[in-house]
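# Structure at a glance
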Amino acid sequence: MKKTISITGRYLWIPITPGAKDSIVSFYFKGEKMQEMCIETGEEEPRFYAWFDAAAYQGSALTLEGDYGERWFDYVAVRDEKPCNPGKSRPLIHYAPAFGWLNDPNGLIYHNGVYHIYHQHNPYGVRWENMHWAHTSTPDFLSYTQTEDVLFPEEEGPVFSGTAIMDQNNCLGFGTDAIAYFYTSAGGRSHWSKDHWFTQKMAVSTDHGKTLKRREKFVLPHIKEENRDPKVFYHRESSSYIMVLYISDDTFYFFRSKDLYEWEKIQEITVPGMWECPDFFPLVCEEDGIKKWVLWSADGYYCLGEFDGQCFQAEKNKEGKGLARYQLYDIMKDSRNKVDRNFVRPYAAQTFQETGDRILQLNWITSIKKDRNYAGILSLPGELSLTASSQGYRICINPAKELEKLRRETFETVLETGEDQVSDPCSVSLYSGEGQALEMELVFRDGRKPGDTGESYIKLSVFETLFFVDLSNRVLTAGPHRIWLPEQKEYHLRLYADMDVFELFVCKGLTYAVTDNDSDGVSGSAEIEYSGIRGSVQLHVLRKIRISE
């Protein structure tokens, strides 16, 4: 079917009916195809409206062609304002798009006092499809400014993940303040691009990250399979640019360039269990000043080693037969030791460029709730560090210090029982309220005396979600998670509670986990029962982040 519509307002409203049949709908302007989308086109009144910014076509007409029904087209409209889509609730302290599907964070960069965040986005539905790059920015992770999407699917393919760097050597000729973006053009992943392959491409911004313009020349042609997700950075010691590219299975290639255009392969590395969305960055251990390079992958697995601009020498495992692979995340696995993707989890984390000695990271939290006008949220910003643990060097992640400014009100409770009844259970009501996200900090230890036969545990209930710390067996249960605690004199647990999810930072960030908010809201109480424990709890009631356009 082919229909033409006059553009008399800025936004073309596109009806979306989740669960209805998929249709390929193409936009044409003066006979030239300029957009294609795969959307759910129902015959009944739509549940949501997506929008297309048609400001450039004011006073003209667009033609919509596809296998949609006549009734669906009747709901297409042109308005001066964006649609306001119904939604059950919105996160209070986590970032989510105004509408649509969110996944991998891309192109994270700090520039002129602003953190620029791009991410995978389907603006035409609340499921994975039609990959664009969306853009938001923040000076402090407390307030965010959203813009329209900045990279769009084209004939060569949808826009998959990538990175951003400052062109500090003016390789591209746009000045040292220009930002270069490297991304994967995913040929074959859409009807429009069915005759193309995965390639790596480049875009440039000369207005401080607000708009991105593609460069026609390929950065890297197709190598094999789904080669994708380029991580690019400048390595000062070797005066060269380095690209780490996911190739297939558990294999990554390293490339080097002097001018951002011509790239030579310098290394191939295979790490069983690691795949897609690579990141590569150095960390310095504060305890002894030792520097380690980190090769990171989507599930939170990482390798540590040395890098000289030519070769990444990853550490060997204890047996010396392969590379040592560690994991920061606690994620659910099935009986075959594979990730259970039905559970909410952190994924595809990336670090910001140009933050100096600070290594700040965001991940995609795969939260999909019913009755939302969005799917997927961004994690809270985490700061990475390297620690010398009893088992060797390991990465820790802790909430970025900026988040302390969200604290509106603080309550503190001591966890302690009488000397003669140290094992008897005690109960404390920590909080009761409505519509507020919470941060909780627990510091505790086993309070039993030698010879005590009672248990040592904490039962923490937050908005009907239960967290159970069994110090007798050194295990933390959080939803479906079972997090094993190392033997320590004192334990630290930090928890953020929001509408959709809880984020947990365990043992000063040695383990990080995400779990569902079982109550689907932030109204109710936070209560604690404990026995055989000594310690303290700080509870912070948090302000809501601000999001504007």
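Residues numbered from 1 in each chain as written. Predicted model: local features only at pLDDT ≥ 70, side-chain atom pairs only at ≥ 80, totals over all residues. Heavy atoms only, no water.

Here we take up the sheet that holds strand S15 (residues 213–220). Read from one edge to the other, the open sheet built from four strands follows the order S12-S13-S14-S15, with strand pairing classed as antiparallel. Unpaired on one side and paired on the other, strand S12 (159–166) and S15 mark the two borders of the sheet. Averaged over all neighbouring strand pairs, the angle between strand axes comes to 30°, with direction disregarded. (Pairing = 2+ DSSP bridges. Helix = DSSP H or I, 4+ residues; strand = E, 2+ residues; numbered from the N terminus. Axes fitted to C-alpha atoms, helices over the stretch in contact; angles between N-to-C directions.)

Turning next to the environment of threonine 355. For threonine 355, the location among the structural elements is in the loop between strand S25 (346–351) and strand S26 (360–365). Taking the relative accessible area as the measure of exposure, threonine 355 reaches 16% and is therefore buried. Separated by 246 residues in the primary sequence, threonine 355 and isoleucine 109 have C-alpha atoms spaced 7.9 Å apart. Beyond its immediate stretch of four places on either side in the chain, threonine 355 contacts Tyr110 and Tyr115. At a separation of 2.5 Å, a polar atom in the side chain of threonine 355 contacts the main-chain carbonyl oxygen of arginine 358. (Buried < 20%, exposed > 50% of the residue type's maximum accessible area, 1.4 Å probe, protein only. Contact = heavy atoms within 4.5 Å. Polar contact = N/O pair within 3.5 Å; in protein donor to acceptor, adjacent residues only side chain to side chain.)

With that settled, the discussion passes to the packing of aromatic side chains. One pair of aromatic rings is described through two measures. These are the centre distance and the angle between the planes. Within the structure shown, the criterion is met by 45 aromatic pairs. Between tyrosine 115 and phenylalanine 352 the ring centres are 5.3 Å apart and the planes differ by 75°, which places this aromatic pair in the edge-to-face class. Taken as a pair, tyrosine 115 in strand S9 (residues 114–122) and phenylalanine 352 in the loop between S25 and S26 lie far apart in primary sequence, 237 residues in all. Plain terms: the ring middles of phenylalanine 280 and phenylalanine 312 are 5.2 Å apart, the flat faces sit at 85° to each other, and that makes the pair edge-to-face. Taken together, the residues phenylalanine 280 in strand S20 (residues 279–284) and phenylalanine 312 in strand S23 (residues 312–314) connect sequence positions 32 residues apart. (Phe/Tyr/Trp six-rings, centres within 6.5 Å; stacked < 30°, edge-to-face > 60°.)

Right, let's talk about the sheet that holds strand S7 (residues 77–79) for a bit. One open sheet holds the three strands; their spatial order is S5-S2-S7, and the pairing between them is antiparallel. The two strands at the open ends of the sheet, each matched to only one other strand, are strand S5 (48–53) and S7. Strand-to-strand twist in this sheet, taken as the mean axis angle between neighbours without regard to direction, amounts to 35°.

The next point concerns the pattern of salt bridges. Under the definition given, this model contains 34 salt bridges. Residue aspartate 520 pairs with lysine 369 through a salt bridge whose shortest N-O separation is 3.9 Å. Of this pair, aspartate 520 sits in the loop between strand S40 (511–516) and strand S41 (524–531) while lysine 369 sits in the loop between S26 and strand S27 (374–375), placing them 151 residues apart in sequence. Among the residues examined, lysine 369 registers a relative accessible area of 18% and is labelled buried. Residues arginine 448 and aspartate 446 are paired through a salt bridge, measuring 2.7 Å at the closest nitrogen-oxygen approach. By relative accessible area, which is 26% here, arginine 448 ends up partly exposed. Residues joined in a network through salt bridges with shared partners are Lys88, Lys369, Arg372, Asp500, Asp516 and Asp520. (Salt bridge = Lys/Arg side-chain N within 4 Å of Asp/Glu carboxyl O.)

So, to be careful, I would describe these as geometric facts and stop short of saying anything about function.
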